[in-house]
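Topology and contacts: notes
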Amino acid sequence: MTSKCAWLIAGLLSLPALVHPAQSAENAAGAQNRKPVMITRFFTGPDGLTHAEEIEAKFAPGGGVYDLLSNSGAQIRRTPPGRTNDYHTASRRQYVITLSGHAELVLSGGETIQVGPGSIELAEDLTGKGHITRTVGTEDRVAILIPVSDKK
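We now turn to the structure provided with this report. (Residues numbered from 1 in each chain as written. Predicted model: local features only at pLDDT ≥ 70, side-chain atom pairs only at ≥ 80, totals over all residues. Heavy atoms only, no water.)

The number of helices and strands found in the protein chain is 2 helices and 10 strands. Put simply, the protein chain runs from its N terminus to its C terminus through helices and strands in the order α-α-β-β-β-β-β-β-β-β-β-β. Going through the 152 residues of the protein chain one by one, you find that 28% of them count as buried. Within the protein chain, counting contacts between residues at least 6 apart in sequence, those at least 24 apart form 72% of the total. Carbon and sulfur atoms make up 57% of the accessible area of the protein chain, which amounts to about 9800 Å² in all. (Helix = DSSP H or I, 4+ residues; strand = E, 2+ residues; numbered from the N terminus. Buried < 20%, exposed > 50% of the residue type's maximum accessible area, 1.4 Å probe, protein only. Contact = heavy atoms within 4.5 Å. Areas by Shrake-Rupley, 256 points an atom, 1.4 Å probe, with all protein chains shown as cover.)

So this is what it looks like as structure tokens:
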């Protein structure tokens, strides 16, 4: 590591020590008012239909990391407005994170879930009737797909 790089890293690491105590209190108060990060998990129920539940990503106070399920590889998918993928099951367990555009997910029980930029889904409905995915609005939907491995 070059000495310039080492000085830069050391300087960045010392920044939290320079934060004024009042600023730290403001940050703590702001952390309590943060919008939760939600993941919509959809899965096949015992009835063979797709169901959904909300999972909140839990972070340590003051920020931190929420570990996703083990994964490898990723894809970016673009779908044009008006595209409908009729009833289908997820091709694999995967996170689907919408970067731009909007879609509707119609579950086999009839529930419709609206997704847009920042929406996170965990697709686990590998069997049964599945769901419909419909790109809505006037722009392409761009999403990143992150496959989930069976490793813990």
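Resuming the write-up.
Another point: the nonpolar core. Within the largest apolar cluster, 8 residues are counted, these being Phe42, Ala90, Ala103, Leu105, Leu107, Ile113, Val115 and Ala123. Where this core is concerned, the elements lending two or more residues are strand 6 (102–107) and strand 7 (112–115). The biggest single contributor to this core is strand 6, with 3 residues. With near-sequence residues (within four places) excluded, alanine 103 lies in contact with Ile113, Gln114, Val115, Arg134, Thr135, Val136 and Arg141. In this structure, Ile39, Ile97, Ile120 and Leu122 belong to the second largest nonpolar core, which totals 7 residues. (Core = buried A, V, L, I, M, F, W, Y, C linked by side-chain atoms within 4.5 Å.)

Here we come to the sheet that holds strand 8 (residues 120–124). Spatially, 6 strands are ordered 2-1-8-5-10-3 in an open sheet, and the strand pairing comes out mixed. Pairing within the sheet leaves two strands with one partner each, and these edge strands are strand 2 (50–57) and strand 3 (75–79). Averaged over all neighbouring strand pairs, the angle between strand axes comes to 25°, with direction disregarded. In this structure, strand 3 lies alongside strand 10 (residues 141–147), joined through 5 bridges in antiparallel fashion. Looking at strand 10, one finds that arginine 77 is bridged to alanine 143. (Pairing = 2+ DSSP bridges. Axes fitted to C-alpha atoms, helices over the stretch in contact; angles between N-to-C directions.)

In this section: the environment of serine 149. With respect to the helices and strands, serine 149 occurs in the segment after strand 10. In this structure, the C-alpha to C-alpha distance between serine 149 and asparagine 71, residues 78 residues apart in sequence, is 4.9 Å. In this view, serine 149 contacts Ser70, Asn71 and Arg93; residues no more than four positions away in its chain are not counted.

A few words on the packing of aromatic side chains. Counted by the stated rule, this structure contains 1 aromatic pair. A cation over an aromatic ring shows up here: arginine 41 above the ring of phenylalanine 43, its NZ or CZ 4.3 Å from the ring centre. The ring of tyrosine 87 carries lysine 129 above its face, with NZ or CZ at 4.5 Å from the centroid. (Phe/Tyr/Trp six-rings, centres within 6.5 Å; stacked < 30°, edge-to-face > 60°. Lys NZ or Arg CZ within 6 Å of the ring centre and 35° of its normal.)

Now for the pattern of salt bridges. Counted according to the given criterion, the structure contains 7 salt bridges. Between arginine 41 and glutamate 53 there is a salt bridge, with the nearest N and O atoms lying 2.9 Å from each other. Of the two residues, arginine 41 is situated in strand 1 (residues 37–44) and glutamate 53 in strand 2; the sequence distance between them amounts to 12 residues. The class of arginine 41 is partly exposed, set by a relative accessible area of 21%. Classification of glutamate 53 as partly exposed rests on a relative accessible area of 36%. One salt bridge in this structure joins arginine 141 and glutamate 121, with 3.8 Å as the shortest N-O distance. Within this pair, whereas arginine 141 is found in strand 10, its partner glutamate 121 is found in strand 8, the two being separated by 20 residues in sequence. Via salt bridges that share partners, Arg41, Glu53, Arg93 and Glu124 belong to a single interconnected network. (Salt bridge = Lys/Arg side-chain N within 4 Å of Asp/Glu carboxyl O.)

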